[in-house]
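Overview (structure and organization)
Residue strings, one per chain:
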Amino acid sequence: MELHIRLEGRKGLADQLYQQLRDGIDSGHLAAGSQLPPTRLLAEQLGVSRKTVAEAYSRLTYDNLLSGVVGRGTFVTPRHPLRSNESATLPLAGAASLERWQQRATVLSQRQLQAPSRYDFVGGASSKAQFPFDQWRSCLNYALRRSQRHPERQFPAQGLPELREAIAHHIAYSRGVHCSAADLLVCNGAQQALDLIARVLVEPGCQVAMEDPGYPPARQLFLALGARLQSVPVDDEGLCVEQIADGTRLIYVTPSHQFPLGMPMSEPRRHALLARAAELGALIIEDDYDCEFRYHGPASDALQRLDRHGLVAYVGTFSKTLLPELRLGYAVLPPAVLQAACVAKHLSDWHSPTLLQWALARFLGEGHLNKHIRRCHEVYSARRERILARLGGDLAPWFSAIPASAGFHLSALATPGVDVELLANLARKVEVGLYSLAPFFSEAPVRPGLLMGFGAIELLDIDPALDRVRDTLQRLS
């Protein structure tokens, strides 16, 4: 590294060097962990003797500002930050707004801060062991070569045309979505799609309806934008459409695999929802987060396919089917919403990462995604069947599964007398991660139970984990 040091005269050189290095450390110019040049090299650069530099380094080491690592060199010692003088901190004019946003922390983000258990039934996490890293690496290399040859510097906020074309073909085949590439907006995950749609439709005080229980990040997003949120209960057929209030502008649903309970919305309820949205002039956000995995029964098309009036915004993601780190999602938007959402996307971040878009377009075009889904389907199906067998067997006195035919999590309702929160705390002590359904309820009465994800736990780990859960339940009983 280059040090900007200026020594004057020929006296007190070690003192000058010591003071300038100390000033650099105190000011943060020399950050904690930074490596200083070897004494011989710095002496040559400054035109002084090596002894002068060594003396300055020694004094700084004595002051605990530098530390030497044998065989590696001399480094700036990490220091505890100085406490700020609270009396000098002035309140900001926007403090109330900042406080409202700070209160928007969600249950899912809090769970991510927890250390993973040895056996973890976390929902929404996929299995990295199944991901085709070699094929993805090849597609990334293609994207790098494409970037090197590409003459343009500006890219469409809506997303690369070749990726939108590939996504449109994929979701038409897998989910029955009726769209073309022109209807698609590529986003940084499904959460950004929700944000963009809500940003162009939701104004402070307007009415938004969503399922209860439901997806906490969506609920917190709508509240943060100033919406009046109506929590609409669900039953065995899905959202209770008749309870959607007059004046509702936006309706958020997960019809193919209700989050978190898991049951699909029935066909009559879907038609009723579309009819109600038409009465209100409301837009429906259909979050189809993990429904490419279906285990039995006839495949149900997306709600969007039934839409004849441009009332459904279909949202999907590749973070579930591929990798959470990918952070690429998409929205199929009605013409009335598409242009405004593209403007919001451009103002938000210009466009999603082009390298990843090129790589994903290649990945889809070469058929790797469909092969990956087929491979994962077998793996997830076996895990799901094993959990269901245990819930219907030795765990039946305490839990019963809610019927669900898609995704890679299921919910299990607790029988009366089971303290789910206590069970989850005790299970973590024996290295099993269990997650209560309670945080997903807002105003509806809580149905005690567990959200059991099987995307991230290996098949051979399920029985040992559930053995520990059973033993804990027996002790509680």
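These figures come from a predicted structure and were not determined experimentally.

Here is what the cut-offs are and how they apply
- Residues numbered from 1 in each chain as written.
- Predicted model: local features only at pLDDT ≥ 70, side-chain atom pairs only at ≥ 80, totals over all residues.
- Heavy atoms only, no water.
- Salt bridge = Lys/Arg side-chain N within 4 Å of Asp/Glu carboxyl O.
- Helix = DSSP H or I, 4+ residues; strand = E, 2+ residues; numbered from the N terminus.
- Buried < 20%, exposed > 50% of the residue type's maximum accessible area, 1.4 Å probe, protein only.
- Pairing = 2+ DSSP bridges.
- Axes fitted to C-alpha atoms, helices over the stretch in contact; angles between N-to-C directions.
- Contact = heavy atoms within 4.5 Å.
- Domains from an automatic or database assignment.

Note that side chains of opposite charge can pair when their charged atoms are close. What the rule picks out here adds up to 26 salt bridges. In this structure, Arg137 engages Asp134 in a salt bridge whose closest nitrogen and oxygen atoms are separated by 2.9 Å. With Arg137 and Asp134 both in helix α6 (residues 133-149) and 3 residues apart, this pair spans about one turn of that helix. Linking Arg249 and Glu203 is a salt bridge whose minimum nitrogen-to-oxygen distance equals 3.5 Å. One end of the pair, Arg249, is in strand β9 (residues 248-253); the other, Glu203, is in the loop between α8 (189-201) and β6 (207-212), with 46 residues separating them in the sequence. Taking the relative accessible area as the measure of exposure, Glu203 reaches 47% and is therefore partly exposed.

With antiparallel pairing, the 3 strands of this open sheet are ordered in space as β13-β14-β16. Edge positions in the sheet fall to β13 (399-401) and β16 (449-453), since each of these pairs with one other strand and no more. Neighbour-to-neighbour, the strand axes of this sheet turn through a mean angle of 30 degrees, independent of strand direction. Bridging between β13 and strand β14 (residues 409-414) involves 3 bridges; their strand directions are antiparallel. Bridge pairing links Ala401 to Ala412 in β14. Its contacts with the sheet put helix α13 (residues 368-391) on β13, β14 and β16, and the angle it makes with β14 is roughly 10 degrees.

Our focus in this paragraph is the domain arrangement of the chain. Parsing the chain into structural domains produces domain 1 (13-76), domain 2 (107-127 + 371-476) and domain 3 (132-366). Placing a centre on the C-alpha atoms of domain 1 and another on those of domain 3 gives a separation of 55 Å.

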